[in-house]
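Architecture at a glance
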Amino acid sequence: SAVISQKPSRDICQRGTSLTIQCQVDSQVTMMFWYRQQPGQSLTLIATANQGSEATYESGFVIDKFPISRPNLTFSTLTVSNLSPEDSSIYLCSVGQVTYEQYFGPGTRLTVT
Amino acid sequence: DQQVKQNSPSLSVQEGRISILNCDYTNSMFDYFLWYKKYPAEGPTFLISISSIKDKNEDGRFTVFLNKSAKHLSLHIVPSQPGDSAVYFCAAGRGGKLIFGQGTELSVKP
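Cut-offs and rules
Residues numbered from 1 in each chain as written. Chains lettered and ligands numbered in written order. Predicted model: local features only at pLDDT ≥ 70, side-chain atom pairs only at ≥ 80, totals over all residues. Heavy atoms only, no water. Core = buried A, V, L, I, M, F, W, Y, C linked by side-chain atoms within 4.5 Å. Buried < 20%, exposed > 50% of the residue type's maximum accessible area, 1.4 Å probe, protein only. Contact = heavy atoms within 4.5 Å. Salt bridge = Lys/Arg side-chain N within 4 Å of Asp/Glu carboxyl O. Polar contact = N/O pair within 3.5 Å; in protein donor to acceptor, adjacent residues only side chain to side chain. Helix = DSSP H or I, 4+ residues; strand = E, 2+ residues; numbered from the N terminus. Nonpolar A, V, L, I, M, F, W, Y, C, P; charged D, E, K, R; others polar. Pairing = 2+ DSSP bridges. Axes fitted to C-alpha atoms, helices over the stretch in contact; angles between N-to-C directions.

**Some points on the nonpolar core**
In terms of nonpolar packing, the biggest core is built from 42 residues, with Trp34, Tyr35 and Leu78 of chain A together with Phe100 of chain B touching the most fellow members. Among all residues touching Tyr35 of chain A, those that are not within four sequence positions of it are Leu43, Thr44, Leu45, Ile46, Ile90, Tyr91, Leu92, Ser94, Gln102 and Phe104 of chain A together with Leu98 and Phe100 of chain B. By size, the runner-up hydrophobic cluster in this structure holds 23 residues, among which are Phe33, Ile48, Leu73 and Ile77 of chain B.

**Thoughts on the interface of chain A and chain B**
Each side of the interface is counted separately: chain A has 19 residues, and chain B has 21 residues. The interface formed by chain A and chain B contains 1 salt bridge. Between Glu58 of chain A and Lys97 of chain B there is a salt bridge whose closest N-O contact spans 2.7 Å. The interface formed by chain A and chain B includes 7 residue pairs in polar contact (both at pLDDT 80 or more). Mapped by element, the contributors of at least two residues to the side of chain A that touches chain B are β4 (31-37), β5 (43-49) and β10 (102-104) of chain A. At 4 residues, β4 of chain A tops the list of elements feeding residues into the side of chain A that touches chain B. Looking at the side of chain A that touches chain B, its residues break down into 10 nonpolar, 7 polar and 2 charged.

**Things to note about the sheet that holds strand β8 (residues 75-80) of chain A**
Each strand in a sheet pairs with another by means of backbone hydrogen bonds, the pair being arranged parallel or else antiparallel. All names here are of chain A. Pairing is antiparallel across the open sheet formed by 4 strands, whose spatial order is β1-β3-β8-β7. With one partner strand each, in any of the chains shown, β1 (4-7) and β7 (68-72) form the two edges of the open sheet. Put simply, the sheet's adjacent strands are angled 15° from each other on average, direction ignored. Sheet topology places β1 next to strand β3 (residues 19-25); 4 bridges connect them, and they run antiparallel. Its bridge partner being in β3, Gln6 is matched across the sheet by Cys23.

This is the structure we're talking about:
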């Protein structure tokens, strides 16, 4: 399985600002995903990060709010824009394989004040 | 619409006994099912999976059962150990994507 790191591990941000989360993988992977876990809730897929093209967003998530970059096969960033308290969550990146097994980073805990 | 449900938010089991975690789904088009374990301040860790064409998969102390007619899967942990205490998520896959249940917090008492 791949080793995945995320930066920052946690942050406290003021409303109206933005936070960019980095995800680094120790090997080249085709599929990378970004998830959100709101307090007490399940993991919800935000988007699939595609290398060399725009990300594919799930229903309820839009590029203006969650812009994603994927410049190569080992790195991706997720920006959460125009922050509000409702964006307080854990954000996780994962990498996928053909058999649906996904391996997750440690997550970024965001608190918006 | 919650396509994957874990109706028990918590479960407490004595060390050495069996832990049974349950998961229900609504979409018969899911073609893969997985279980993840999550410790606080860590990302979910893949545990075990099962294809929709099978009804059982075993890996050491962990066994996953799939009942397609009932749209139900379960994870059995035998014997349970205190280190198994964590939140367990079931997930269902379709079209390369995963949909997760809400999680069940397992507590294994020594």
